[in-house]
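In case you want the letters, here they are:
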Amino acid sequence: MLQSVSDFLVITKRQLLQMIRIPEVLIFATIQPAMFVLLFRYVFGGAIDSGVEGGYVQLLMPGIFVQTVAFTLAATAVGLAADMQKGLIDRFRSLPISRSAVVIGRTVGDTLQNVVTLIVMGLVGFLVGWRPSSGPVKIFLGFLFLLAFGYSMSWIGVIIGLSVREERVAQNLVFMTVFPLTFLSNAFAPTTGMPKILQYFAEWNPVSTMVAACRELFGTENVFGATANSWPSQNPILMSLIYMFLLVAIFAPISVRKYVKVSK
Amino acid sequence: MKSIIAHELLKTYDKGAVKALDGLSLEVEEGTVLGLLGPNGSGKTTTVRVLATLLTPDSGSAIVAGIDVLKHPDEVRKVIGLSGQYAALDETLTGWDNLTMFGRLYHLNSSSAKKRAEELLEKFSLTDAARRPIKTYSGGMRRRLDLAASLIVKPKVLFLDEPTTGLDPRGRMEMWGVIDELVKGGVTLLLTTQYLEEADHLADSIAVIDSGKVIARGTADELKNQVGGERLEITVEENQITEATRLVEQVSGAKPSVDPGIRKISAPVSNGSASLIQVLRLLDEAKIHPLDIGLKRPSLDDVFISLTGHVAEVVVEPEVGGKNAAKRK
């Protein structure tokens, strides 16, 4: 047991080392969401009448946070596909390490990267007027929630990465699925404008429940959601927890099985 | 004592349509080197992957260092080293980072992992490059580091899958030197190659593999003898072919084969140099001056052709063949 923990920590450490050896990756991974903050804040912020105290940026920040951590899936998928392609996964599989070490190490490593990204984004948000009003404990919980969501999404990335085996394919596949998912939600605009059927989809969308949960935890009224009055939109924290639990409960065992059998 | 025993390994893909391994059996004596020689897609890599616990065969059994590969793969992983066709390293990390990481994954403690990394870098002449990211390494350096990574715990059995494929001649010579050193250290080595001269140079015995099974085995000399002894080859002017052929037949006793295109006559001879002198004298008497004349021992290429009916394809590109191979970069 202790051995398994040390195994996955070695894999996680490898990723942190990568961050140090090629800081550009982390820098770009952070610049992109920071740029989104600025673009949405100043391009849409003026046009969208938020109706909440402190303006659009209060609603925007939880949206961008969730979008960013949802993309952890991409980091995991692309990273693992690259390792597959280079034969590194084969080498790991030929070592006397626990069967889950590589995938757990990867998901934890990607989550640690999120810590850095979220801090930078939070600071950029603060500079452009984001003021969470719920007090330190809830704010902290909000960020913890975000990390947990990113972690559970990461497990989908494991399966994608081990299945497609090619960095570029993984990249395209992930962007084609995660982008629509983050936009068919309450993250950036009210769902009111959508056709009723899409409103329901948007409100059941885990991205929406997460955004709604974070708005609650950061102390902003979620005026962009709950237009269709579905259950998840009214119980976003609980629903998000259920989603996260389901993601890990379903995808983690499948991922480990896939890893054990995967063959280049 | 046998260090590797593979028995009747069968591995099929696409519901049996493609047989990667078709009842392959082989044995390697402890402390010796077996060269697994075969063309692209013949099943070399699949064999290594099964023995190194990466792939489960449909049927058959395998024992490595006395441990059943299918029943106790975790135990096998503790005593083997594997270096695949492509340097399987983290390219963004340095050589040092890679070796210490693998050391930790072999459950060395932090200081032993560092010490071992240091030793291996030294041994493989990579100390100067230790702090540079792998992506700045040459192909030969990557292969050496990859090999170093498979030696961290001094494996009892080492698998090298085409260790020199894709290397330039200098890189290949360096790699041969390194492997020679290892073998002197007493490791049991299974090495796959599509280079016939490589098997000849490095291996104690050779198993020729084609279409997923071993079709011949023995030492390089035994395999050469299996094809036949020496051949006399002469090249003459076009108008002298008939006469020269008659003379060669007289010495050889067998009907020579004639390639009119390159005006070459060749025939098996039993007593090498004596036959050569005899033919030369006869040719001289007949006033035929050969453009070229020589004795040729069969190369492993000849062995291959005579065993498989086709030429061993030596390509620099990675194997394309098996279903898995096709997915490689």
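Remember, predicted model here, so these are calculated numbers, not experimental data.

Draft legend 1. Fine view of the overall build of chain A. Within chain A, the regular secondary structure consists of twelve helices and zero strands. If you list the helices and strands of chain A from N to C, you get α-α-α-α-α-α-α-α-α-α-α-α. Taken over the C-alpha trace, chain A has a radius of gyration of 19 Å; the compact-globule value for 264 residues is 18 Å, and the two agree within 12%. Dimensions along the principal axes, computed over C-alpha positions, put chain A at roughly 60 × 35 × 35 Å. Taking contacts inside chain A between residues at least 6 apart in sequence as the whole, the part at least 24 apart equals 83%.

Draft legend 2. Summary view of the confidence of the model for chain B. Residues and elements named next belong to chain B. Looking at chain B as a whole, its pLDDT mean stands at 86, while 94% of the residues score no less than 70. For chain B, helix α11 (residues 300-308) is the element with the lowest average pLDDT, namely 74, and strand β5 (residues 67-68) is the one with the highest, namely 96. In this model, residues 314-329 is a region of pLDDT below 50 whose contacts with residues beyond four sequence positions or in other chains number 29 contacts. Listed scores for the predicted complex are pTM 0.82 and ipTM 0.87.

Draft legend 3. Molecular detail of the interface of chain A and chain B. Residue-level contacts link 22 residues of chain A with 24 residues of chain B. Sorting the residues of the side of chain A that touches chain B by element identifies α1 (2-21) and α5 (88-93) of chain A as the ones contributing at least two each. Top element by residues in the side of chain A that touches chain B is α1(A). It accounts for seven residues. Its residues assigned to classes, the side of chain A that touches chain B comprises seven nonpolar, six polar and nine charged.

Draft legend 4. Up close: the sheet that holds strand β11 (residues 231-235) of chain B. Residue and element names in this part refer to chain B. Strands sit in the order β12-β13-β11-β14 across an open sheet of four strands; the sheet is antiparallel. One side of each edge strand has no neighbouring strand; the edge strands of this open sheet are β12 (257-259) and β14 (292-296). Pairwise comparison of adjacent strand axes, ignoring direction, gives a mean angle of 15 degrees for this sheet. Examined bridge by bridge, β12 and strand β13 (residues 264-268) share three bridges and lie antiparallel to one another. Across the sheet, residue D259 finds its bridge partner in β13, namely K264. Across the sheet, helix α9 (residues 241-252) lies against β11, β12 and β13, angled at about 10 degrees from β13, the strand it touches most.

Draft legend 5. The arrangement of helix α10 (residues 206-218) of chain A in detail. Residue and element names in this part refer to chain A. Relative to the 18 Å expected for 13 residues at 1.5 Å per residue, α10 spans 18 Å between its end C-alpha atoms, a close match to the ideal helical length. For α10, a buried count of twelve out of 13 residues is recorded, marking the element as mostly surrounded by other parts of the structure. Of all the residues in α10, the buried ones are P206, V207, S208, T209, M210, V211, A212, A213, C214, R215, L217 and F218. Of the surrounding secondary structure, the elements contacted by the buried residues of α10 are α3 (56-70), α7 (136-164), α8 (167-183), α9 (196-204), α11 (231-234) and α12 (236-261).

Draft legend 6. Representation of the nonpolar core within the structure. Counting residues in hydrophobic clusters, the biggest one holds 146 residues, and the most contacted among them are A:V66, A:C214, B:L51, B:L145 and B:L190. Top contributing element to this core by residue count: α7(A), with twelve residues. With residues near it in sequence (within four places) discarded, A:C214 still touches A:P62, A:F65, A:V66, A:G142, A:F145 and A:L146. Ranked by size, the runner-up nonpolar core spans twelve residues in total, among them B:I234, B:V248, B:V251 and B:V269.

Draft legend 7. Highlighting the pairing of strand β2 (residues 18-29) of chain B. For strand β1 (residues 2-13) of chain B and β2(B), the ladder comprises nine bridges, and the chain directions are antiparallel. Note on β2(B): the bridge partner recorded for B:Y13 is B:V18.

Draft legend 8. Broad picture of the UniProt feature "domain: ABC transporter" (unreviewed entry) in chain B. Per the UniProt record, "domain: ABC transporter" (unreviewed entry) is found at residues 4-236 of chain B. A helix fraction of 35% and a strand fraction of 29% characterise residues 4-236 of chain B, whose end C-alpha atoms lie 51 Å from each other.

Draft legend 9. Structural view of the pairing of strand β9 (residues 205-210) of chain B. Residues and elements named next belong to chain B. Most of β9 is tucked away: five of the six residues are buried. The pairing of strand β3 (residues 33-37) with β9 spans four bridges and is parallel. Its bridge partner being in β9, L34 is matched across the sheet by S205. The pairing of β9 with strand β10 (residues 213-218) spans five bridges and is antiparallel. Bridged to I206 within β10 is G218. Remark: two residues form the turn of the hairpin made by β9 and β10, two consecutive strands paired antiparallel; S211 in that turn has positive phi of roughly 50 degrees.

Calculation notes
- Residues numbered from 1 in each chain as written.
- Chains lettered and ligands numbered in written order.
- Predicted model: local features only at pLDDT ≥ 70, side-chain atom pairs only at ≥ 80, totals over all residues.
- Helix = DSSP H or I, 4+ residues; strand = E, 2+ residues; numbered from the N terminus.
- Rg over C-alpha atoms; globule rule 2.2 N^0.38 Å.
- Contact = placed C-beta atoms within 7 Å.
- pLDDT = per-residue confidence, 0-100.
- Nonpolar A, V, L, I, M, F, W, Y, C, P; charged D, E, K, R; others polar.
- Pairing = 2+ DSSP bridges.
- Axes fitted to C-alpha atoms, helices over the stretch in contact; angles between N-to-C directions.
- Expected span 1.5 Å × (residues − 1).
- Buried ≥ 20, exposed ≤ 12 C-beta atoms within 10 Å, placed from the backbone.
- Core = buried A, V, L, I, M, F, W, Y, C linked by C-beta atoms within 7 Å.
- UniProt positions renumbered as here; feature names shortened; annotations may be inferred.

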